[in-house]
Structure formats: C-alpha cells, structure tokens
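Residue-level structural notes
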Protein chains: 2
Amino acid sequence: MVSKNRQILLAKRPQGMPDESTYNFIETDIPELNSNEVLVQAQYLSVDPYMRGRMSDAKSYVTPFELNEPLKGGVVGTVIESMHPKFQQGDTVTGLLDWADYTAIDGSQLRKINPDKAPITTALHVSGMPGLTAYFGLLDIGQPKEGETVVVSGAAGAVGMVVGQIAKIKGCRVVGIAGSEEKNRYLVNELGYDATINYKTTDNIRQALKEACPNGIDVYFDNVGGEISDAVFSLLNFHARVALCGQIAHYNDTEVEMGPRFLTTFLKHSVLLKGFIVSNYTNRYEEGVRDLSKWLSEGKLKYKENIVEGLENAPDAFLGLFRGDNLGKQLVKIR
Amino acid sequence: MVSKNRQILLAKRPQGMPDESTYNFIETDIPELNSNEVLVQAQYLSVDPYMRGRMSDAKSYVTPFELNEPLKGGVVGTVIESMHPKFQQGDTVTGLLDWADYTAIDGSQLRKINPDKAPITTALHVSGMPGLTAYFGLLDIGQPKEGETVVVSGAAGAVGMVVGQIAKIKGCRVVGIAGSEEKNRYLVNELGYDATINYKTTDNIRQALKEACPNGIDVYFDNVGGEISDAVFSLLNFHARVALCGQIAHYNDTEVEMGPRFLTTFLKHSVLLKGFIVSNYTNRYEEGVRDLSKWLSEGKLKYKENIVEGLENAPDAFLGLFRGDNLGKQLVKIR
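Residues numbered from 1 in each chain as written. Chains lettered and ligands numbered in written order. Predicted model: local features only at pLDDT ≥ 70, side-chain atom pairs only at ≥ 80, totals over all residues. Heavy atoms only, no water.

Remarks on the packing of aromatic side chains
Residues and elements named next belong to chain A. For clarity, the threshold we go by: Two rings from Phe, Tyr or Trp (for Trp, the six-membered ring) form a pair when their centres sit within 6.5 Å of each other. Planes less than 30 degrees apart are called stacked, planes more than 60 degrees apart edge-to-face, and all others tilted. Comment: elements are numbered from the N terminus, with helices defined as DSSP H or I runs of at least four residues and strands as E runs of at least two. Accessibility here uses a 1.4 Å probe with only protein chains present; expressed as a share of the type maximum, an area under 20% marks a residue as buried, one over 50% as exposed, and anything in between as partly exposed.
Scanning the model with the defined rule gives 25 aromatic pairs over all chains in all. Seen from their ring centres, Phe233 and Phe262 are 4.5 Å apart, and the 50° between their planes marks the pair as tilted. Of the two residues, Phe233 sits in helix 6 (residues 226-233) while Phe262 sits in the loop between strand 13 (258-260) and helix 7 (263-268), which places them 29 residues apart along the sequence. Phe262 gets classed as buried once you look at its relative accessible area, which sits at 12%.

A word on the relation of the copies chain B and chain A
Test applied: We place the copies in one frame by least squares, fitting the C-alpha atoms of every residue whose pLDDT is at least 70 in both. Contacts between residues were defined by any pair of non-hydrogen atoms, one from each residue, lying within 4.5 Å.
Overlay of chain B on chain A (RMSD 0.1 Å): rotation 180°, translation along the axis 0.0 Å. Taken together, the rotation angle and the small translation identify this as a two-fold axis. Of all interface residues in chain B, 100% are interface residues in chain A too; the two copies therefore contact each other through one and the same surface.

A word on the interface of chain B and chain A
For clarity, the cut-off: Buried area is a sum: the accessible area each of two parts loses on coming together, probed at 1.4 Å, counted once for each and added. Salt bridge, as used here: a side-chain nitrogen of Lys or Arg that lies within 4 Å of a carboxyl oxygen of Asp or Glu.
Contacts between the two partners involve 37 residues from chain B, matched on the other side by 37 residues from chain A. Of all residues in chain B, Arg261, Leu263 and Leu267 of chain B give up the largest surface area on contact with chain A, accounting jointly for 25% of the area buried on that side. Inspection of the region where chain B meets chain A yields four salt bridges. Ionic pairing is found between Glu257 of chain B and Arg261 of chain A, a salt bridge with its closest N-O pair at 3.1 Å.

What to know about the domain arrangement of chain A
How big an interface is tends to be expressed through the accessible area that disappears when the partners come together. Residue and element names in this part refer to chain A. Applicable threshold: Domain start and stop positions are those given by an automatic or database domain assignment. Polar contact criterion, stated in full: a pair of N or O atoms within 3.5 Å, where within protein one must be able to donate a hydrogen and the other to accept it, and residues adjacent in sequence count only if both atoms are side-chain atoms. Amino acids are sorted into nonpolar (Ala, Val, Leu, Ile, Met, Phe, Trp, Tyr, Cys and Pro), charged (Asp, Glu, Lys and Arg) and polar (every other residue, Gly among them).
What the domain assignment reports for chain A is domain 1 (4-124 + 304-333) and domain 2 (129-279). For domain 1 and domain 2, the distance between their C-alpha centroids amounts to 28 Å. Of the roughly 1400 Å² buried between domain 1 and domain 2 on both sides combined, carbon and sulfur atoms contribute 64%. Summed over the shared surface of domain 1 and domain 2, the result is zero salt bridges. Taken together, domain 1 and domain 2 are joined by one residue pair in polar contact (both at pLDDT 80 or more). Per-element tally for the side of domain 1 that touches domain 2: the top contributor is helix 9 (residues 314-323), with three residues. The class makeup of the residues in the side of domain 1 that touches domain 2 is nine nonpolar, five polar and six charged.

Digging into the pattern of salt bridges
Residues and elements named next belong to chain B. Scanning the entire structure with this criterion turns up 34 salt bridges over all chains. Its salt-bridge partner being Lys4, residue Asp29 comes within 3.0 Å of it at the nearest N-O pair. Linking Asp29 in strand 2 (residues 23-29) with Lys4 in strand 1 (residues 4-10), this pair joins segments that are 25 residues apart in sequence.

Quick notes on the side chain of Gln247 of chain A
Tracing the sequence through the fold places Gln247 of chain A in the loop between strand 12 (236-244) and strand 13. Judged by relative accessible area, which is 2%, Gln247 of chain A ranks as buried. Among the polar contacts listed, one links the side chain of Gln247 of chain A to the side chain of Asp222 of chain A, at a separation of 2.7 Å. With sequence-adjacent residues up to four places away left out, Gln247 of chain A is seen in contact with Asp222, Asn223, Val224 and Gly225 of chain A together with Leu263, Thr264 and Leu267 of chain B.

A short note on empty space enclosed by the protein
Test applied: Cavity means a closed set of points on a 1 Å grid over the protein atoms alone, one where a 1.4 Å probe fits but cannot get out, pocket means an open set with protein on both sides within 12 Å along at least 5 of 7 lines, and lining means a residue has an atom within 4 Å of a point. Grid points are joined across faces, edges and corners, and a volume is the space filled by probe spheres set on the points.
All chains considered together, the criterion is met by three cavities of 30 Å³ or more. In this structure, the largest cavity occupies an estimated 180 Å³ of space. In terms of lining residues, the largest cavity is bounded by 24 residues, among which Pro260, Arg261 and Phe262 of chain A together with Pro260 and Phe262 of chain B are the most central.

Focus on the packing of helix 2 (residues 129-142) of chain A against helix 3 (residues 158-169) of chain A
Residue and element names in this part refer to chain A. Keep this limit in mind: To get an axis, fit a line to the C-alpha atoms, keeping to the stretch in contact for a helix; angles then go from 0 to 180 degrees between the N-to-C directions. Under this scheme an angle from 65 to 115 degrees is roughly perpendicular, one under 35 degrees roughly parallel, and one over 145 degrees roughly antiparallel; angles in between are oblique. Handedness of a crossing follows from how the near helix is turned relative to the far one, being left-handed for an anticlockwise turn of less than a right angle and right-handed for a clockwise one.
The contact between helix 2 and helix 3 brings their axes to 8 Å, and the two run at 45°. In terms of their interaxial angle, helix 2 and helix 3 are classed as oblique. Crossing of helix 2 against helix 3: the hand is right-handed. Only Ala158, Val159, Val162, Val163, Ile166 and Ala167 of helix 3 make contact with helix 2, whose side of the interface consists of Pro130, Gly131, Thr133, Ala134, Tyr135, Leu138 and Leu139. Looking at side-chain class alone, the contact of helix 2 with helix 3 contains eleven nonpolar, two polar and no charged residues.

Here we look at the sheet that holds strand 14 (residues 272-275) of chain B
Applicable threshold: The rule for pairing is simple: two strands pair if DSSP sees at least two bridges between them.
Within the open sheet, the twelve strands sit side by side as 10(A)-9(A)-8(A)-11(A)-12(A)-14(A)-14(B)-12(B)-11(B)-8(B)-9(B)-10(B). Their pairing is mixed. Each having just a single partner strand, strand 10 (195-198) of chain A together with strand 10 (195-198) of chain B make up the two edges of the open sheet. Put simply, the sheet's adjacent strands are angled 15° from each other on average, direction ignored. Across four bridges, strand 9 (residues 173-178) of chain A lies against strand 10 of chain A in parallel orientation. Residue pairing in the sheet places Ile177 of chain A in a bridge with Ile197 of chain A of strand 10 of chain A. Of the strands in this sheet, strand 8 (149-153), strand 11 (217-222), strand 12 and strand 14 (272-275) of chain A touch helix 2 of chain A, which is tilted by about 150° from strand 11 of chain A. The sheet strands contacting helix 6 (residues 226-233) of chain B are strand 8 (149-153), strand 9 (173-178), strand 11 (217-222), strand 12 (236-244) and strand 14 of chain B, and the helix crosses strand 11 of chain B at an angle near 165°.

Examining the pairing of strand 14 of chain A
Residues and elements named next belong to chain A. Across the two faces of strand 14 the burial is the same, with Leu272 and Lys274 and Leu273 and Gly275 all buried. Sheet topology note: the strand 12/strand 14 ladder contains four bridges and is parallel. Residue pairing across strands places Val242 opposite Leu273, the latter belonging to strand 14.

A look at the confidence of the model for chain A
Definition in use: Think of pLDDT as the predictor's per-residue confidence, scored from 0 to 100.
For chain A, mean pLDDT is 93; residues scoring 70 or higher make up 98% of the total. Across the interfaces of the predicted complex, the ipTM metric reaches 0.88, alongside a pTM of 0.89.

Remarks on the nonpolar core
Selection criterion: Throughout this description, the term nonpolar core refers to a set of buried Ala, Val, Leu, Ile, Met, Phe, Trp, Tyr and Cys residues connected via side-chain atoms within 4.5 Å.
Judged by nonpolar contacts, the single largest core of 114 residues is most densely connected at Trp99, Leu209 and Phe266 of chain A together with Trp99, Leu209 and Phe266 of chain B. With sequence-adjacent residues up to four places away left out, Leu209 of chain A is seen in contact with Val151, Ile177, Ile197, Ile217, Ala231, Val232 and Leu235 of chain A.

See the structure below:
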C-alpha cells in the first residue's frame, strides 16, 4: 500500500480540446474517514465523452467539475476501510470516484459488485452506465420493432456497441457508423452488425447509408452529431425515432457550428427526437442492470475493452475518445 | 344556380413562391353523380400553409396535388344533390373539396355540420383541422403543465390562436410570436396571451424571449422554424417539449438553408421534439372535436376570421399566409 494519494485536479477549464494546462497532478495524504464514509482504492477508471461537458461551467444537465478539485469518473475498486455498515474491507465496489488512487466517499454513493459473476470491469461498461445509456435510449426512445432498421453512430464506442447488440436481440437490421476498418470488422464479425460505414474513408455518407438501409431508417441512436447526423436525417422513415445520446463532434467546439436545417424533414416524416442522459432513468436502473446482466451471462452481449495502464495516462486516454482511438470501452488501470 | 362550374387547377408546380403560372382558371360543367356521391356547392374555402407542400411532388406526408386537376382544401358547403344515403339536399357539410364552385365527392369523405350550433365557418378552424392540429400537438406532444411557460410561433395564425388559448385553459404562461402590433394586441387583449413578441420589429428575439419568459421555456409549439426557432431553442428548460407543427419560413425554400446546430442544447436539456400532422391522430378526432366544441360554446375559445370574397381571389389569399397578412383564419367566401 502506497502511503500517498495521487490525484488529478481540474486546473483550468479548457477552451476547445483539453491539453496539459487542463490538469494538475498532485500527491496528497490518504483521506481520513467520517462516519458512513468508505475508503476505496481504485482499480479501474472509466473515461467517457460526457466528462468534457463537466469540465465546462456552461449551464448543463450535469454539475461542472470544481476547479482545483479532483476530476471524477466511474471507478471499480476495493474497500480499504469502512465506516458504513453496508461495506467491509475487501469488498469490490463501483461508484463515481476521484481520478486518484484513493477516494473517501459516503457509502450511499457506492454499489457493491460480485467479482465472481462477471469480470469487475463490466460494471464500467456493459452492465454499468454505458450499458444503461444504450438500454434506455434505444428501448425507451428508439422503441425498435422487429424488422426495422436501426442506425448507430459512434458504433464502436462503449455505448454504441451495446446499442447495436440490443437492436439485434430485438430483431432489427443494424447499421453502424465508425471510424476505422478494424472497428467495422469487429462490429460485423463479432457483434453481428448487418452493415457498417467507415465515415473517415467514405466520400458520400448519405449514399453509403442509402445502400446499407434499403428500407430507410426507423431508429437512429446518435452519439456523434454533425455531418453524419445530417446524412442520417435525410433518410429517416415516417414516424422514425432519434435517441440523442451524444454529440461528440461538438463537445470541443468553441462556437456554434452551422449545419443544414432539417426540421422540415422531421415535420414531413413525423419524426420524434429526444435528448437524454442516463440519470433520467434512475428509477429504472434495476430493470436495466437485470436485463443487461442476463444478456451478458447468456453470451448475447459481447464487449471489448481497451486498457491503458497508469493513472498518469488518464488525460491522454480521455483525449483518445475524441481522436477516435478506442475500439471498445476505454479504461485506465490504476492498480 | 349558375350553370357552369369554375375551378382552379394546378397548372405548374411552383419553384419558390407560387405565382400566376401556378394556376389555371377554367370553367367546366357541373359534374354528374355516381352512386354514393354527393354534389356540394362550396360556401367557404379554407387556405392553409400546408397546401404549399402538396403543390410540390417531393416525397412528403401528404400526396401531391395532381397537375391539371383542381387544387383541394377544406370547404364548408351545401348539398345540392345526393346519391348517398346519409346526405340530403340542403345539408351543410365539410370536407376536403376542390377549389371550385361545385365538387362531386363520395359521401364517406364528408362530415355533416349543424349550422344552429356554431357559425358554419368554425368547422374550418376552431373545431376543424386547425383546431385539432393545435389540440393534439399541444396536449399530446407539448403536455403543458400548470404554471409552465408555453411559447407559440405563428401565434396569430389559425392554429397558433387555438394553441395559446388551450395553453391558457391549462394554466400556463403563454407567450406568442407574431408579425404585427395589431396581431399582438389581439393576442393579449382578446385571447389572454401573457406576452407577445413582434418578430418583425424586434432586434434581438432571444433577448425579448428571455424577458418574456423569466422561468425559461417548457413547451414550444412551432409553426414557423428559422431564426425564431433558433432563439427559442436556446432558452428551453430541462425536459422541454417541442411540438413541430409547421415550418412556414421554409416552405418556399428552393435549397436547404443553413442554421446554427442546436442538438447539443437538446442533449444537455433532455429536450423532446416531435414532428406531427393532424392525421396521425385520426382515431382521436372525436375526443378533440368534443373538447374544442365545448370550450367554444363556453366562450373559452375565441376566434377571428379574415374573409376574402370570390373564388378568383383564393390564390392571393393563399400567398397572404406567407406574407404574414392574416390575423386569424384566412377564408375565401365563394357563395
């Protein structure tokens, strides 16, 4: 057990892409516990695109990270010490913890996980927040019906991979949009996507989509925004549904980008679009975790992880999300 | 009874605004009836913005008007002759009929109206299609709750006027956007709107909206699109709803206009947007007509009509919708 606690603080709110000046690496003492608190040693840290929003202080659905405080993210770790009746030393837990070796947190903010049931990292993706995001966005907003065509952008991301697989479970034709041949091969060969489009090498995304979706598009699960969405919107069927989950193309914009107006199309086709965040569904998490865990244990949900070693590499792993580096869930192994 | 039937045919599909070349005025014989048909002499014709869509042959939710056939619109008229068991000479009826003195139509396409209950023209607006459009768009998509703020664009149009009044019935703060002082005075003084914005004389619509909506915007009923919607979108509250009813700013566009991308805002605020047409609600018309008629008879729904005389003036009355001429429902008196 190290005697110091490494932390990564938010030093400065980034304009555009985060860079070195965004972060401050410090060493501090391991925190003392107050009543009901638990000391957790991080094993794996999840980096996710939505964190970019929390680095800004613009009005948003999530409270901004505090300046000069540790950044926070999904973590699985081990209980080192507990002042909370529900947790004991040695328990494996997950929660929203510091980018740090250790976090002291009220036990009510933690969830215990069973390391014998599934690899503990799955609590950070397939059966965790990204999985639940896919589950509720696709099923509650997208409402896919058997035989319909579902298009997923950011298809090789942590959320996208689960979306496509659930859509296959529901009997849909699934078309994924991702940024490399390697990703697309994985989506088709391993996850059972019916077709994929490499947006980085395709001249005309709309034409490629038209070919991949001969019956038009009924459901669009959007993680990306921008020109990819423009192309999808032009091919939506009557009564199509758009689950707006992410707009990663725009998170680092410093001013509002212009794009073609598409609402006349939405009007003509009675399209429904709904922006959402997973916390809108807090009161239904149990249902989601149950179904996702069941599909996982049945082998219907596969996953891929991309693990970087070392807390100090978390900032670069986070940036990789925007460069499109990651095939599968990006994790940082801390211990 | 005139011995000839004047008709206005679609001579050419317009590019941009319709003009003289769009129409062909002819005189023809009064049609003979087949079995189950009814001959209706038009009294009032309704001109509505959605008709612009039917003049084009682009893929849309409504079938295009046929070239060299009469244009069609909502009409109230009198039964001259009937081969249908449900209708008799002298009945007052409404339906989608020709821009003409006379139409022969299958009786199943007509609805009888009681001229003693309300002025017959109300079947073309408050308790007809525009009223039902307002009713279902606002209540089913907008779901306004007491105390919420509802913004209506095209507020002085046939649909907008009903939207605002239903929102008042539901206990909301109602802010209307329209294009003249006269219209806005009417909305506030006669229809009970809480505030209005004249988009033609206001430099900064966003700032004006901000002042008119101190608690942000919960429901937006959009008839217009374009820059007005851009301003509204930037002020939507968490879980706001947008009922997308019309995009009159764009019906005469000849190419796709560019505008600021707003989906990041929709994502941050979990906004729902749904395009719709009234025919999505066909199986609930009865409920809508019942409520609208009740509110009308209780004096809770007021209306204003703008009546132009003469079938020959229908094309100009239709263009007036795009010029923003009309305060209230634009009708053409034919007989």
